[in-house]
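Survey of secondary and tertiary structure
Spelled out from the first residue to the last, the chains are:
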Amino acid sequence: MRGPFRLRAALRTDVPVLLAGGGAVGTRKARTLGDAGAEVHLVSPEATEELADRADRGEIRWERRRVAAEDFRAHRFAVLALDEATTREVLPLAEGSGCLLCCCALPREGDFALAAQWEHHGFALGVASGGEDPAGAGAMKRRLQRLLEGQNGPAGETHAAPGRDDTKERTP
């Protein structure tokens, strides 16, 4: 991603999003996409228990195989929830397909990054780092959720340990 500009977009929910990778990152991305109403098409030889359960319930479509070039040609958007080495192997498969990519392990190689997002009283809110610090974006999302829900404690109270910036806390 070269010099990203920030854009919050509302996409059609009938346009499936390809999700390559069924591990912990793929699980979080499937949650984000599913919660936003996206139709998720998971392509991965293996998946976490949560993803397998979502597939069993019909919430996502799961094909148990490695991602292929035809997958990118069949989708407008793809999220590569893969490690760096596998992402580098897969990127050439997407070339010339017209599919826009979110590369979780290599954000600068992608076309977009997902925001840490949520709904609040009918508003869609999100915190984005352009893919550079997804854990920090997730932590900031949680802080804002607490603040908006009035759960941030009395004014001036801090929830971070002294000398610690909790915007850098890591998600489990």
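Our subject in this report is the structure included herewith. (Residues numbered from 1 in each chain as written. Predicted model: local features only at pLDDT ≥ 70, side-chain atom pairs only at ≥ 80, totals over all residues. Heavy atoms only, no water.)

**Here we look at the packing of aromatic side chains**
Test applied: The aromatic pairing rule takes the rings of Phe, Tyr and Trp, using the six-membered ring of Trp, and pairs them if the centres are within 6.5 Å, calling planes under 30 degrees apart stacked, those over 60 edge-to-face and the rest tilted. The numbering of helices and of strands both runs from the N terminus, where a helix is a DSSP run of H or I of at least 4 residues and a strand a run of E of at least 2. With a 1.4 Å probe rolled over the protein chains alone, any residue whose accessible area is under 20% of its type maximum counts as buried; one over 50% counts as exposed, and the rest are partly exposed.
One pass over the full model with this rule turns up one aromatic pair. Consider the rings of phenylalanine 77 and phenylalanine 112, whose centres lie 6.0 Å apart with planes at 85°: the pair is edge-to-face. Within this pair, whereas phenylalanine 77 is found in strand S4 (residues 77-80), its partner phenylalanine 112 is found in the loop between strand S5 (100-103) and strand S6 (116-120), the two being separated by 35 residues in sequence. Its relative accessible area of 18% is what places phenylalanine 77 among the buried residues.

**What about the side chain of histidine 120?**
We apply this condition: Between N or O atoms, a polar contact is any pair within 3.5 Å; within protein, one atom must be a potential hydrogen donor and the other a potential acceptor, and residues adjacent in sequence are included only when both atoms are from side chains. By definition, residues are in contact when any of their heavy atoms lie within 4.5 Å.
With respect to the helices and strands, histidine 120 occurs in strand S6. Relative accessible area serves as the criterion here: at 11%, histidine 120 is assigned to the buried category. Polar side-chain contacts of histidine 120 include one of 2.9 Å to the side chain of glutamate 149. When residues no more than four places from it in sequence are discounted, the contact partners of histidine 120 are Leu125, Leu148 and Glu149.

**Some points on the sheet that holds strand S3 (residues 60-63)**
Two modes of strand pairing occur in sheets, parallel and antiparallel, and in both the strands are linked by backbone hydrogen bonds. Formally: In this description, strands pair whenever DSSP reports at least two bridges between them. For helices, the fitted axis covers only the stretch in contact; all axes are lines through C-alpha atoms, and the angles between them, taken along N-to-C directions, range from 0 to 180 degrees.
One open sheet accounts for five strands, arranged S3-S2-S1-S4-S5; its pairing is parallel. The open sheet is flanked by S3 and S5, the only strands paired with a single partner. Looking at each pair of strands side by side, their axes are set apart by 20° on average, direction ignored. Bridging between S4 and S5 involves four bridges; their strand directions are parallel. From the neighbouring strand, phenylalanine 77 faces S5, where its bridge partner is leucine 100. Along the sheet, helix H2 (residues 49-56) makes contact with strand S2 (40-43) and S3, crossing S3 at roughly 110°. Seen against the sheet, helix H4 (residues 84-94) touches S4 and S5 and runs at an angle of roughly 175° to S5.

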